[in-house]
Every structure is written in C-alpha cells, then in structure tokens.
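Structural overview for review
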Amino acid sequence: MLDIQSVAKRFGGLLAVDQLSFAVRENEVLGLIGPNGSGKTTVLNLISGAFKPTAGDIYLDDRLITDRPARHIARAGVGRTFQLVRVLPSLTVLENVMAGAVFGHKRLWGREARKYAERQLERVGMAHAIGMPTAALTYIDEKRVELARALASDPRVLLLDEWLAGLNPTELQTGIALIRSLREEGRTVVLVEHVMDAIRSLCDRCVVMSGGVKIAEGTPAETLADREVIRAYLGDDDA
Amino acid sequence: MTRAEARNLALAAAAFALLAFLPFLKDSGYLLSVSVSIAMYTVLATSWALFSGPTHYISLATAAFYGLGAYVVAAGIGTISYPLLLVLAGIAGAVLALAVGVTTLRLSGVYFVIFTLGLAELIRQVVTWVQNNLTGSRGMYVLTEITERIIYWELLGLAALVYLVGWLVARSRLGFALRIIGNDELVAAHVGINSAAAKLILFVISGVFAAVVGAVMAPRYTYIEPSIAYSPELSFQVVIMALIGGAHRLWGPLVGVIPFALLWELIAARFPTQTVLLLGVAFLLIVYFIPHGVVGRIESALERLRRGTRRG
Amino acid sequence: MDILITGILLGATYSLIAMGLTLQYGVARIMNLANGEMLVAGAFGAFWVFTAQQASPFAAALVVVPGAFALNWLIYRYLLRPLVRRAKNRGMLEVDSILATFGMSFVLVGIMLMVFGGGYFTYSYLAEPFEIFGSPFALNRVVACLVAVAISGLLYWGLNGTRTGMALRALAVDPAAAGLVAIDVPRMSAFSFALGGAVTAAGGIVLSTFLTMDASIGVVFTMKALIIVIMGGVGDVRGAIVAALILGLAETAVASLIDPGLTLAAAYLLFILVLLLRPEGLFGRRQS
C-alpha cells in the first residue's frame, strides 16, 4: 500500500533520515519504533507531505507521491495526527472534526458533514463535547478530537504520531481497542509509539529506527528481542 | 437557510432600501457628502477584512487598487462608456491582485505585507512615467454628468454586494477553509485544503472591490493626478477602520467606519496639517488597546456575561 | 562603466541601510516598517546642521546617531517590548509589530511634516566632480560611499570580533537558545534595535548629501531596505551587502537607461525575481 524507497531527509547539516526503505501492506498495523530522535516523526512528515525528502521515493498504491503537496496526499486518503497536538483553537470541537470531512477525500458539506463529524466524535468517546469550544478541552481530549478529525476524512492510511502517549491504563485499553477496530474496518495504520504494550498487542510488524536508519524489521516479538534493537534503546553496556 | 438567517437578510435588505432614499431628503448636501465617504470606506474596509480578517495577511495596498480603478476611468472616459469602465476597472484590479498574490501568497505573510507596502508608490511611479513619456500630461480631467447622488447609489450598491459576497463566502467551503487556514496552515494542508488558492481568491475579490470603488469615486475628483489617486493615507485609513471595528466579523468594519469617518471629517477640517500625525496616533492606540476591535471587546464581554449567568 | 561605478557607489550606501534593518529584523525580530522614516529623520538632521549651522552634514552625526539610538531604544523598550511579551508565537509578533511600526511610521511622517513642512529639501554639499578612471563622478557620492564603507566595516568587525557581536549573532539564529546560554535576550534585543535605528539614521545623513528628500519618502527607503534584507537572506550581513550592491547597480541602470523616476520599479523587479526564484535569500539554505 505504502512503499518507502531509500528515502533520506537532511536538515542543514543533520541527516535525520538516511536510506530508509520499508513497505506497509494493505490492512496492517505497522509500528515505527526507536529511541527519541531516531527520525520516526520525520518519516511520518515525509509520508504526509509536510516535508519533501532530500532523496528517495514514496509510493501510495504504486502512485509516486514524493513531490506531491500535503493536500494532495491527504485527498488521496492519508490521514494523520500530530505529535504535538494541533487542534484549531478558534473553532468548536465539532468544526474541528468537520474540517476533516469537508476537505478530505470524502468532501462532504452541510448537514451531511456535520452528522458524519458527530459520528466520529462519538466513536472516539467525545460525544459530550460536540458544541464545546476547544479551549475547554484537556490534553487527552484534544488528542481524541484530533483523531476524530483524521477519521472524518475516511483515511485509507492513518498515521498516528504517539497518539497513545500519556493515557492512563484504562484509557490505554480503550485506545488500543479503538485502533484495532480501525484495522478491522479495512484501514491501514502506521503507529509511531513508545508504549510497548500497545506495540505488542496491536502491531503486525515493526520497523525499528535508530539514528535515522532502519536497524530491524519483523514481528514485534522478533524485533524487540533483536540485539541491535536492545543496544539502540539501552546503550552498549547492557547489550 | 435557517429562519434567523432569513430574518437577518430581510433586515439588511430593508436597511439598504431605506438608505437609498437618503438623497431625496431636503437639504441633504452635507449629509450626502458624509454618506458618500461612509459608504466608500464601508466597501473598502469590509472587502479588506474579507481577506485579511481570516488569513491575518495584512494588505497595505488598498490605495494601489483604488488608484488603479480611478485611473482606468480617467484614461477611458470620453471614449468608453462609464459602466463598461467600471467593469474594466474591476478586471484591472483582479489582474493586479493575481500578480501580487501569485508571487507572494504561497510564501509567509511577511513577504506579502512588504510587497503591498510599496505597491501604491510603485504604481504611482509607473503611471507618472507613462504619462510623461506617452501622453505628455501630468494629470487627467474626468468630466462627466455623474452627480454625487449617483455616486452614492453606486457605492450603496457595492456595499450591498460586498456584504452579499461576504455572507456567501462565510457559508461556503471556501469560508470554512479560510478559518482553518487562519488557525493553522499546517493542519489546513493536511486536511486537503489548497491554502494558496483560497487566499488568492479572497485577495482578488478584495482587489476588485477596491478598484471598482476607485472607479466609482473618480468623477468626484474632476482632475486626477498620480499623487491624489495613490495616497498612502487611504490604505492606512482602511486598515484602521477595519481594525477598530474588528476584522473577524463581516459587519465588524462598519462599526469602525461610521465613527471614524465622522471623526475624520472633523479632524481634516480642524487640523488640516496634523492629519497624518493624528492618524498615526489613532492607529497606535488601536493596536495597543483594542487589538481585536470593538466587536471583539463586545463579544468577550458578552461571553463573560453569559458564563456569569450560567454559573448563577 | 559609468553605470557600474555609480551603481557600486550607491549600493555601498544602501548596504548601510540594510545593516540597520538586519539588526532590527534579523536580530531583534521586529519587522520595522518605520525604518525609512528614521532614515529621513537622520537626513533632516543633516540638512538642518548644514543650512542652519553652516557645518558639515557629517557633523550632524554627533547629534543624530546618539539621538536615534536613544529614540529607538525607547521605542523598543516602551512600545515593542509589550508586543513581544503579548505575542504567543513569532507569527503573532510579526503581525503586531508590522501594525505597530506602520502606525509609528505615520506618526514620524506627521511630526516631520509639522516641523519641516511638505516640501522637498536638498542642499549642495561637495557637488564637484571627482575623477575615477578618467570619468567624472560627483564627489559627494564618493565621500558618501567611503563613509558608508567605513561604518559598515566597523559594524562587521563589531559583529564578528567582539563578545557583544557574538551575542547578537547568537540571537539572530535562535533567541530561545541564546537565552539558555546566559545571553540577556531582552537587553540585547533592545540594544540591537537601537543600534539598527542609529545605523539607519546615519545612512540617512549619508544619503542626504546627494539625494533630494521629502517628509513622506521614507516608505521608499523602507521598501529598498526590506528588499535588500530579504534578497540577502534575513540576518545574513554578507548577503545584505551583496544584495545592496545588486540593488544599487539595478537602480542606476534603470535610472540612466530608462528613467530616473522608475527606481522603485527596479527594486520591485528584483524583489519579484527573488520571491519567485530564491525566497530564502541569495546565500540562504533552502528550507522545507
């Protein structure tokens, strides 16, 4: 579904991603993991079109999307959340979610868009907040609204950037169930995540990054047992 | 359309119909001349806010569009019919807005502001050069049968049009897109909005209105020369009025226009040499003390009141 | 050849103005639309010293430069600091500072109109020919160029060779990080803004020796300074100098080949080219 081929991204003198290749299969949950600063978020930004890669190519369903602007990639069915949550402060909760339904590849308008957005809010457990101004939301609720916005565009591929971070154990279970249900309805999910429980129970496969390069790829059990991966996370002494 | 919207629309239509009778009042000379400037500033400030309100891109180029429109009339009067000239002025405004927009709107707002800052002066230089080298005269006479009454009605019509356009935009996908862009351009791109195109459309709309206003006002001057048509004060006044009222609501600028236009008549008559200084001081007071405009102040006060009653 | 030399003479003077704005926008992060008015005020000072005091216009620098420094420091301290504090992010500060300095530009124009009236002012200083490579050039332009080069050189050395200069350069790169290494950001910003104003006023003195000005011409110089700074890359002193020379050459070419009244058009043409081709500046790094 998604094919990343020898992608590199340079910021000034810093090579954030180097010669990275991996593929995401249709209807799978792929975990993109690695220590802080290993370039995971940059990869999501490259896929969603927020950044242009310095080298390499990205395909969505065999279509080259490397040089497409973010809006085209969004309309092609790629939705995302942001690591540092970005709700639209002067819009209501409902309007925030409608933004996804109106301009994404669904392109609904009027009552249809509103109803669709309401259903997404219900789904993430925010039905009570529909008419609220976004200023009244807690951080966790902001994350939910942002996910509802991404869902409102009915994405085929969903990129989640540490969406589960900061949830308490009960919330975490609900969150994991929610992501699982997304996969069950046929969506493909790419997770950047640090919560290991979630990775073990959700991901079909994992790609592990360190220092901008891929150091391992495989099932969660395989990759998390990999010597290289342990060294990357814990340092040389413990390996 | 909801019932409340229908009611507001009917009220607005009634208000405009009533205002249209103003020139028939007895001894309406002074009233009419004040009303002409209020109507002019209303169209300019409202169309300015249509673009700058949601996007926060500050255009300092109203005078450039206004002057362009006035010059189209001055150059074509006598050979081309007046209504056609208004259309041509609108087209000229659209072309200028497109040129400015295409070069600057895909970049950050600062470039846009800088570009518009000198635009009036640039066009003034070019027009002066064209006149010196091609026509050989410094100014142009605009002699028409058009009375102040007709100008007033034309401006009133434009005002109705600008409100209609603003209302339609606010109800459309485009209006929603602009609100999202004003909040967070990165999110806008990631939900599939073409920000540059949305901004460009609105900037062209506001440019067309300013150019047509210039064309409508041209007969009032009788003699037009570059320094009259491209006065930087006009751009400045428009920004002030829109900001006093509040640029984030369609009717916000009107709240600023009426008191400011009246005050301005007074200042221009009393202190003709200090107008620029007073204008600057007024502007600073607004930026520092009512950054969200009077309408913003009223709204936050209402909000506080509402919250207070809910709690009680 | 004449165009080349006149262009370089003019460009060197422009580089001084651009440095003033670089200090204000690149370092203190204030997009100052009243920059040109400060320049015209400096020019007025020189004009007054020359006509009323019968002294060299450069003597005006003794009063104008410290005066401009103090005035700009006060402006930053009491008018712009509140905006810096109120702003939640750089975008908001930009909008606020644009509006505020736009207002200030009108206040300054208003004051100058009141004091000096609306007429053109010009004076004749060193208006005698000076030969370079066998062709005559106005001596005042040559002297202006030398003075501008001297001040620019001093600034360049100050920025690259002193502790304060290093603090200013750190501030230009990242104010937050500069704060972390114990640079007093508010104080250095104020200093930089004030210094920029002083340099701009000095540029006004230099320009007044060979250009005719009036109270409302400031916006033209603001435009030119902004275009140079953007062309050179914001905060990049070396780029600003090159850009200033390019603008000086372009203007001189337009003035002598087409019409002296179209200099702003030349500046705009360069501006459009920069925006379309290299919005990050001549030596800037392309960012995503």
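In this text the structure is predicted, and so the values were computed from the model without any measurement.

1. Regarding the overall build of chain C
Along chain C, the regular secondary structure elements total eleven helices and two strands. Shown N-terminal to C-terminal, the secondary structure of chain C runs as helices and strands in the order α-α-α-α-β-β-α-α-α-α-α-α-α. Here the C-alpha radius of gyration of chain C, 18 Å, is about what a compact globule of 288 residues would show, namely 19 Å. Across its three principal axes, chain C shows a C-alpha extent of roughly 55 × 40 × 35 Å. Burial status across chain C gives 55% buried among its 288 residues. Taking the contacts inside chain C whose residues are at least 6 apart along the sequence as the reference set, 77% of them involve residues at least 24 apart. Carbon together with sulfur atoms contributes 68% to the accessible area of chain C, which is approximately 12,000 Å² in total.

2. Here we look at the overall build of chain A
What chain A contains, in helices and strands, is nine helices and ten strands. For 239 residues, the compact-globule formula gives about 18 Å, and the C-alpha radius of gyration of chain A, at 18 Å, lands near that figure. Reported as C-alpha extents along the three principal axes, the dimensions of chain A are approximately 55 × 40 × 35 Å. For chain A, buried positions account for 53% of its 239 residues. In chain A, which carries 30 positive and 31 negative side-chain charges, the distance between the mean positions of the two groups comes to 6 Å.

3. Let's talk about unusual backbone geometry
Residues and elements named next belong to chain A. Positive phi outside glycine occurs at glutamine 19, with the angle close to 50 degrees. Inspection of the secondary structure assignment puts glutamine 19 in strand E2 (residues 14-24). For aspartate 62, which is not a glycine, the phi torsion comes out positive at approximately 70 degrees. When you line up the elements, aspartate 62 lands in the loop between strand E4 (55-60) and strand E5 (63-64).

4. A short note on the pairing of strand E1 (residues 2-11) of chain A
Residue and element names in this part refer to chain A. Here E1 pairs with E4 via five bridges, running antiparallel. Looking at E4, one finds that isoleucine 4 is bridged to isoleucine 58. Pairing between E1 and E2: seven bridges, direction antiparallel. Paired with phenylalanine 11 across the strands is leucine 14, a residue of E2. Remark: two residues form the turn of the hairpin made by E1 and E2, two consecutive strands paired antiparallel; glycine 12 in that turn has positive phi of roughly 55 degrees.

5. Remarks on the pattern of salt bridges
Within this structure, the stated rule accounts for 19 salt bridges over all chains. The partner of Asp141(A) in a salt bridge is Arg144(A), with the nearest N and O atoms 3.1 Å apart. In this pair, Asp141(A) and Arg144(A) both sit in helix H5 (residues 139-152), three residues apart, roughly one turn of the helix. Among the residues examined, Asp141(A) registers a relative accessible area of 15% and is labelled buried. Between Glu5(B) and Arg171(B) there is a salt bridge, with its nearest N and O atoms 3.0 Å apart.

6. A few points about the interface of chain C and chain B
The interface of chain C with chain B comprises 42 residues on the first partner and 37 residues on the second. Each partner contributes to the roughly 3,500 Å² buried at the junction of chain C and chain B, and carbon and sulfur atoms together form 81% of this total. Remark: the boundary between chain C and chain B carries zero salt bridges. Where chain C packs against chain B, one counts ten residue pairs in polar contact (both at pLDDT 80 or more). Taken together, the elements giving at least two residues each to the side of chain C that touches chain B come down to helix H3 (61-86), helix H4 (90-116), helix H9 (218-232) and helix H11 (263-277) of chain C. At 16 residues, the largest contribution of residues to the side of chain C that touches chain B is made by H4(C).

7. Comments concerning the packing of H9(C) against H11(C)
Residues and elements named next belong to chain C. For the pair H9 and H11, the least separation of the axes is 10 Å and the interaxial angle reads 30 degrees. Taken as axis vectors, H9 and H11 run roughly parallel relative to one another. By crossing handedness, the relation of H9 to H11 is classed as left-handed. Side by side, H9 and H11 meet where Val220, Met223, Lys224, Ile227, Ile230 and Met231 of the first sit next to Thr263, Leu264, Ala267, Tyr268, Leu270, Phe271 and Val274 of the second. Tallied by class, residues from the contact of H9 with H11 come to eleven nonpolar, one polar and one charged.

8. Section: the nonpolar core
Counting 252 residues, the largest nonpolar core has Leu119(B) and Leu155(B) as the members making the most contacts within it. By residue number, the principal contributor to this core is helix H2 (residues 29-55) of chain B, which donates 14 residues. Apart from residues lying up to four places away in sequence, Leu155(B) is in contact with Val36(B), Ala39(B), Met40(B), Val43(B), Val213(B), Val216(B) and Met217(B). Grouped together as the second largest cluster of nonpolar side chains are 26 residues, Ile58(A), Val157(A), Leu159(A) and Val190(A) included.

9. Examining the sheet that holds E1(A)
If you walk across this open sheet you meet the four strands as E2-E1-E4-E5 (chain A), and the pairing is antiparallel. Every interior strand has two partners, whereas the edge strands, E2 and E5 of chain A, have only one.

10. Quick look at the packing of aromatic side chains
Here a ring pair, both rings aromatic, is described through the centre-centre distance and the interplanar angle of the planes. The final tally for this structure, using the stated rule, is 26 aromatic pairs over all chains. Ring geometry for Phe115(B) and Phe271(C): centres 5.5 Å apart, planes at 25 degrees, overall stacked. Within this pair, whereas Phe115(B) is found in helix H5 (residues 109-117), its partner Phe271(C) is found in helix H11, the two belonging to separate chains. No difference in accessibility class separates Phe115(B) from Phe271(C), as the two residues are buried.

11. Structural notes on the sheet that holds strand E6 (residues 78-80) of chain A
Residues and elements named next belong to chain A. In spatial order, the strands read E6-E7-E8-E3-E9-E10; together these six strands make up an open sheet with mixed pairing. Whereas interior strands pair on both sides, the edge strands pair on one side only; in this sheet they are E6 and strand E10 (213-218). Each adjacent strand pair in this sheet contributes to an overall mean axis angle of 20 degrees, direction not counted. Relative to the sheet, helix H9 (residues 227-234) contacts strand E3 (29-33), strand E9 (205-210) and E10, its axis offset from that of E10 by approximately 130 degrees.

12. So, the environment of Leu154(C)
Residue placement: Leu154(C) occurs in helix H5 (residues 139-161). A C-alpha to C-alpha distance of 34 Å links Leu154(C) and Met92(C), two positions 62 residues apart in sequence.

13. Focus: the side chain of Thr66(A)
All names here are of chain A. Locating threonine 66 in the fold gives a position in the loop between E5 and helix H2 (70-75). Accessibility expressed as a relative area gives 5% for threonine 66, which makes it buried. A polar contact of 3.0 Å, which involves the side chain of threonine 66, links it to the side chain of aspartate 57. Within the structure, threonine 66 has its side chain in polar contact with the backbone nitrogen of isoleucine 58 (distance 3.0 Å). Setting aside residues up to four positions removed in sequence, threonine 66 forms contacts with Lys52, Pro53, Gly56, Asp57 and Ile58.

14. Some thoughts on the confidence of the model for chain A
Averaged over chain A, the pLDDT score is 90; the fraction of residues at 70 or greater is 98%. When the elements of chain A are averaged for pLDDT, H9(A) gives the smallest value, 82, and strand E7 (residues 157-161) of chain A the largest, 95.

15. What about helix H4 (residues 111-123) of chain A?
Residue and element names in this part refer to chain A. Between its first and last C-alpha atoms H4 spans 18 Å; for 13 residues at 1.5 Å apiece the expected length is 18 Å, and the two agree. Every buried residue of H4 is listed here: Ala113, Tyr116, Ala117, Glu118, Gln120 and Leu121. Looking at the buried side of H4, the elements it contacts are helix H3 (93-103) and H5.

16. Some points on the packing of helix H2 (residues 35-52) of chain C against H3(C)
Residues and elements named next belong to chain C. Closest axis-to-axis distance for the H2/H3 pair is 10 Å, and the angle between their directions is 150 degrees. Accordingly, the angle class assigned to the pair H2 and H3 is roughly antiparallel. The hand of the H2/H3 crossing is right-handed. Taking contact as the criterion, the partners of Met38, Gly42 and Gly45 in H2 are, on H3, Val64, Leu71, Asn72 and Ile75. In terms of residue class, the contact of H2 with H3 is made up of four nonpolar, three polar and no charged.

17. Observations concerning H9(A)
For an α-helix, the turn length of 3.6 residues means that residues three or four places apart are oriented alike. Put simply, Asp226(A) is the residue that caps the front of H9(A), since its side-chain oxygen is 2.8 Å from the backbone nitrogen of Glu228(A). Just past H9(A), the residue Gly235(A) takes up positive phi, approximately 95 degrees.

Each value, and the rule that gives it
Residues numbered from 1 in each chain as written. Chains lettered and ligands numbered in written order. Predicted model: local features only at pLDDT ≥ 70, side-chain atom pairs only at ≥ 80, totals over all residues. Heavy atoms only, no water. Helix = DSSP H or I, 4+ residues; strand = E, 2+ residues; numbered from the N terminus. Rg over C-alpha atoms; globule rule 2.2 N^0.38 Å. Buried < 20%, exposed > 50% of the residue type's maximum accessible area, 1.4 Å probe, protein only. Contact = heavy atoms within 4.5 Å. Areas by Shrake-Rupley, 256 points an atom, 1.4 Å probe, with all protein chains shown as cover. Lys, Arg positive; Asp, Glu negative; His and termini not counted. Charge placed at Lys NZ, Arg CZ, Asp CG, Glu CD. Pairing = 2+ DSSP bridges. Salt bridge = Lys/Arg side-chain N within 4 Å of Asp/Glu carboxyl O. Buried area = accessible area lost by both parts, 1.4 Å probe. Polar contact = N/O pair within 3.5 Å; in protein donor to acceptor, adjacent residues only side chain to side chain. Axes fitted to C-alpha atoms, helices over the stretch in contact; angles between N-to-C directions. Parallel < 35°, antiparallel > 145°, perpendicular 65-115°, else oblique. Left-handed = near helix turned anticlockwise from the far one by under 90°. Nonpolar A, V, L, I, M, F, W, Y, C, P; charged D, E, K, R; others polar. Core = buried A, V, L, I, M, F, W, Y, C linked by side-chain atoms within 4.5 Å. Phe/Tyr/Trp six-rings, centres within 6.5 Å; stacked < 30°, edge-to-face > 60°. pLDDT = per-residue confidence, 0-100. Expected span 1.5 Å × (residues − 1).

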